[in-house]
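# Observations on the three-dimensional arrangement
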Amino acid sequence: MSLNIRQLKQSQEDFLKIRCKKCLMPNFIAKWKDSEGNTCEYCNPDEERSIEFPEDMSNDNGDMSVEDLLKLIRSHKKGPYDCMVSITGGRDSSYVLYYAKEVLKLNPLAFNFHTGFVSDIAQENMINVTGTLGVDFIQFRIGGQFLKKLSRGFLINNGEVCSVCHQGHFYTVQKIAQWTGLKVLLRGLCKKTEQNFLVPDYFNWYSMDDDDFNARVNAFAESEKITERELEIHDDFMHMRDWTDKEVMKIDLPDMIDYRQDEITRVLTKLNWKYNNEFIHLDCMFNPILICAQRYAEGYSEKQFIISNLVIDEIGAEAGKKLLHAEENIGFDDLPGLNNFLQTIGVDLQTFEKAIQNNWQVRESSPVKEAQKTSRVLLN
Ligand SMILES: [Zn+2]
C-alpha cells in the first residue's frame, strides 16, 4: 500500500522526548510547562477548561444529578418502558445499559442502528448483554442497497462513513420516540475518557445536521446512482436528525456516575461481554481505519486523548506507554479488517487509497502541523 502513516513511529527511548512525562501527550499538541516535560498544558492547565463535545454529540445533562435524572424519567414515562438506551456492543454503552437496569432499576428499551459494518463481536455483545440483562432490544436496518451507496459515497468523497452511522442513529431514535412516546435517551458517551480539550475542531469533519448531510449526499448522488425514488422512500432517514436533536433529551450517564475502568470490566465479564483485545472501540469495522486516517493526517488520533485521560486518572504512565506503542505502530497494511470492510461497502483498495489521500492529507497550514515540524527535531 502506498499510504505511509508511520510518520511518528518511535523507538522506546525516543518516546518520552516528545511526550509529557505525566500524561504522555506529545508536545506538538500540548506545550510543556518546564524544559524537562514533567507536566504540560494538558494535564496541568492554567485555567479550568470548558468541556464541550462537538455540536452533534452535545448532551442535555447540564449539572443534572442521578436523582434529577430519575425524576425527569418518571415525569416523561409512557407505556412499559422508562427510557431509551442506545447500544453499540462497545464497552461504554453496554455498561450504561447494565447501570440503567440493575443499579437505577429502570426498564430501558435498548436499540441500535445497523450500519452494515457492525463488527461480529459487537453484534454478539449486543445480543449477550441485552439477553443476560433481560432488556428488550430493537435493531434497525434500512434498505441495504441504499445504505451501501451512501457508505460508498461518503467513503470516496469524504473519507469516512461516520456521517451515515450518525444519521442512522438519529433516525432510529426518532422512530422509537414516536412509537413509544419516550423522550429520554441514555448514551455511553463519556467526557472523562473521550473529551478532546485542546483541538476543538478535531472531530468536526463529519456532517453536522440534515442540511449538511443532504448536501453531501447530493454531491455524489449521480456518481453512486442514487435515484430520486430511493431518496423519496428514505425521506425520513434523510431528514429526521434535526427533529431528534430538538425533541429528545440526550443524557450521557457516564458523566454523572462513578465511572471506573476496573468496575466496568468486572461488570461486563458477568454479562458475557467479550473483549477483542484492542483497547477501545470494537463496535465498528470502520473505526480502526478511521484511527489510522487521523494519524495519517495529523500524526495522532483521538485515542491519544482517551489514553492521556486514563493515564492522568487511572492507569499510570507505564500502562499508557504500552497502549500508545501498540496504537502508533499500526498502519493501514496491518489492519486485518480492512479488506473485509471495503468488500462490505463495495470499494476497491486503489479507490480507498485515493479517498484517504484526498480527504485526510496533512493540512500544511494547520497549527498542529506547524508545531509538529518543530517537535520532530526531538526525534532525530
Ligand atoms: Zn501532561
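Quick look at the structure, then. Computed from a prediction, not measured in an experiment: that's the story for all the values here.

So, how was this worked out
- Residues numbered from 1 in each chain as written.
- Predicted model: local features only at pLDDT ≥ 70, side-chain atom pairs only at ≥ 80, totals over all residues.
- Helix = DSSP H or I, 4+ residues; strand = E, 2+ residues; numbered from the N terminus.
- Buried ≥ 20, exposed ≤ 12 C-beta atoms within 10 Å, placed from the backbone.
- Pairing = 2+ DSSP bridges.
- Axes fitted to C-alpha atoms, helices over the stretch in contact; angles between N-to-C directions.
- Contact = placed C-beta atoms within 7 Å.
- Arc of directions from axis to C-beta.
- Core = buried A, V, L, I, M, F, W, Y, C linked by C-beta atoms within 7 Å.
- Parallel < 35°, antiparallel > 145°, perpendicular 65-115°, else oblique.
- Nonpolar A, V, L, I, M, F, W, Y, C, P; charged D, E, K, R; others polar.
- Right-handed = clockwise from strand over helix to strand, strands pointing away.

### A word on the overall build of the protein chain
A tally of helices and strands in the protein chain yields 16 helices and five strands. Put simply, the protein chain has 380 residues, and 37% of those count as buried.

### Comments concerning the sheet that holds strand β1 (residues 83-86)
Read from one edge of the open sheet, five strands run β3-β2-β1-β4-β5, paired in parallel fashion. Of all the strands in the sheet, just β3 (137-140) and β5 (249-252) have a single pairing partner and so form its edges. Each strand of the sheet is rotated relative to its neighbour by a mean of 30 degrees, with strand direction disregarded. Examined bridge by bridge, β1 and strand β2 (residues 108-113) share four bridges and lie parallel to one another. Note that in β2 the partner of S86 across the bridge is F111. Along the sheet, helix α5 (residues 162-180) contacts β1, β2, β3 and β4 (184-187); its crossing angle with β2, the most-contacted strand, is approximately 145 degrees.

### Remarks on helix α15 (residues 349-359)
Inspection of α15 places F352, A355 and I356 among the buried residues, and these make up the whole buried set. Around the axis of α15, the buried residues are gathered within 95 degrees of arc, so they sit on the same side. The exposed set on the far side of α15, more than 90 degrees from its buried face, consists of Q350 and N358.

### Considerations on the environment of R91
Position of R91 relative to the elements: it lies in helix α2 (residues 91-103). Residues contacting R91, with those up to four places away along its chain left out, are I264 and L268.

### A few points about the environment of W243
Within the secondary structure layout, W243 lies in helix α10 (residues 241-247). For the pair W243 and Y171, spaced 72 residues apart in sequence, the C-alpha to C-alpha distance is 9.1 Å.

### Notes on the nonpolar core
Counting 34 residues, the largest nonpolar core has C83, M84, V85, V96, L97, A100 and L186 as its most contacted members. Looking at this core, the elements that each hand over two or more residues are α1 (66-76), β1, α2, β2, α3 (120-133), α5 and β4. For this core, the element with the highest residue contribution is α2, accounting for six residues. Other than its neighbours up to four places away in sequence, L97 contacts V85, I87, P108, A110, V129, L133 and V135.

### Some remarks on the packing of α2 against α3
Axis separation between α2 and α3 bottoms out at 11 Å; the angle between their running directions is 10 degrees. When the axes of α2 and α3 are compared, the pair comes out roughly parallel. Facing S94, L97, Y98 and K101 of α2, the residues of α3 in contact are N125, V129 and L133. When the residues that make up the contact of α2 with α3 are grouped by side-chain class, the tally is four nonpolar, two polar and one charged.

### Concerning unusual backbone geometry
Residues other than glycine seldom take positive phi values, yet K225 does so here, at roughly 55 degrees. Among the secondary structure elements, K225 is positioned in the loop between α7 (210-221) and α8 (228-233). Residue K225 is classed as exposed on the basis of its 11 C-beta neighbours within 10 Å. At N272, a residue that is not glycine, the phi angle is positive and equals roughly 70 degrees.

### Looking at the pairing of β3
Where β2 meets β3, four bridges bridge the pair, whose relative direction is parallel. Considered in β3, the bridge of F113 is made with F140. At this point the chain moves from β2, through α3, to the parallel β3, and the crossover so formed is right-handed.

### What about the packing of α2 against helix α11 (residues 261-270)?
The contact between α2 and α11 brings their axes to 10 Å, and the two run at 75 degrees. With respect to α11, the element α2 is oriented roughly perpendicular. Note on element contacts: α11 touches α2 through I264, V267 and L268, opposite R91, S94, Y95 and Y98. Along the lines of polarity and charge, the residues of the contact of α2 with α11 split into five nonpolar, one polar and one charged.

### A look at the environment of D136
Here D136 is to be found in the loop between α3 and β3. C-alpha of D136 to C-alpha of A110: the two residues are 26 residues apart in sequence and 6.1 Å apart in space. Those residues in contact with D136 that lie beyond four places of it in its chain are L109 and A110.

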